[in-house]
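Architecture at a glance
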Amino acid sequence: MLIGSVVVYTYYLKEKKEQLDAIKRGFCPSCHQKSIEITDQRNTGCGGPKMVTFECMECGYTNVFNIGGGSCGI
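Remember, predicted model here, so these are calculated numbers, not experimental data. (Residues numbered from 1 in each chain as written. Predicted model: local features only at pLDDT ≥ 70, side-chain atom pairs only at ≥ 80, totals over all residues. Heavy atoms only, no water.)

Read from one edge of the open sheet, 3 strands run β1-β2-β3, paired in antiparallel fashion. Either end of the sheet is taken by a strand with one partner, and the two such strands are β1 (36-43) and β3 (62-67). Each adjacent strand pair in this sheet contributes to an overall mean axis angle of 25°, direction not counted. Across 7 bridges, the pairing between β1 and strand β2 (residues 50-56) is antiparallel. Paired with Ile38 across the two strands is Phe54, which belongs to β2. Relative to the sheet, helix α1 (residues 2-24) contacts β1, β2 and β3, its axis offset from that of β3 by approximately 95°. (Pairing = 2+ DSSP bridges. Helix = DSSP H or I, 4+ residues; strand = E, 2+ residues; numbered from the N terminus. Axes fitted to C-alpha atoms, helices over the stretch in contact; angles between N-to-C directions. Contact = heavy atoms within 4.5 Å.)

A regular strand carries its side chains on alternate faces of the sheet. Here 6 bridges tie β2 to β3, and the two strands are oriented antiparallel to one another. Among the inter-strand pairings, Val52 is bridged to a residue of β3, identified as Phe65. Two successive antiparallel strands, β2 and β3, enclose a turn made up of 5 residues, where Gly60 displays a positive phi of approximately 90°.

For the rest of this paragraph, the subject is the nonpolar core. In this structure, Leu20, Ile23, Cys28, Ile36, Val52, Phe54, Cys56, Tyr61 and Phe65 together form the largest nonpolar core, which totals 9 residues. If you list the elements that add at least two residues to this core, you get α1 and β2. Top contributing element to this core by residue count: β2, with 3 residues. Discounting chain neighbours no more than four positions away, the residues touching Tyr61 are Gln19, Ile23, Cys28, Pro29, Ser30, Ile36, Phe54, Glu55 and Cys56. (Core = buried A, V, L, I, M, F, W, Y, C linked by side-chain atoms within 4.5 Å. Buried < 20%, exposed > 50% of the residue type's maximum accessible area, 1.4 Å probe, protein only.)

With that out of the way, let us pick up the pattern of salt bridges. Scanning the model with the defined rule gives 3 salt bridges in all. Between Glu18 and Lys14 there is a salt bridge whose closest N-O contact spans 3.7 Å. On the criterion of helical spacing, the pair formed by Glu18 and Lys14 is a turn pair, its members being 4 residues apart in helix α1. Assessed through its relative accessible area of 40%, Glu18 is described here as partly exposed. A salt bridge links Lys17 to Asp21, with the shortest nitrogen-to-oxygen separation between them at 2.9 Å. Here the residue Lys17 and the residue Asp21 both occupy positions in helix α1, the gap between them amounting to 4 residues, near one helical turn. For Asp21, a relative accessible area of 27% corresponds to the partly exposed category. (Salt bridge = Lys/Arg side-chain N within 4 Å of Asp/Glu carboxyl O.)

So this is what it looks like as structure tokens:
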């Protein structure tokens, strides 16, 4: 059971990475059009990841990614 959970989670992370890579290139991971836009950004504070919501204006694809870590500059 544990091994199956690890395999499924690893596959999920690989799929999310591939989707984010496509978005970074400017393409929707679903319909492959250049119609992906940032619709929401939220910072979780100093050093925390930024939650970014991307949406495709052509096919309606929507996904949220936790990206990087910021700094407070202190």
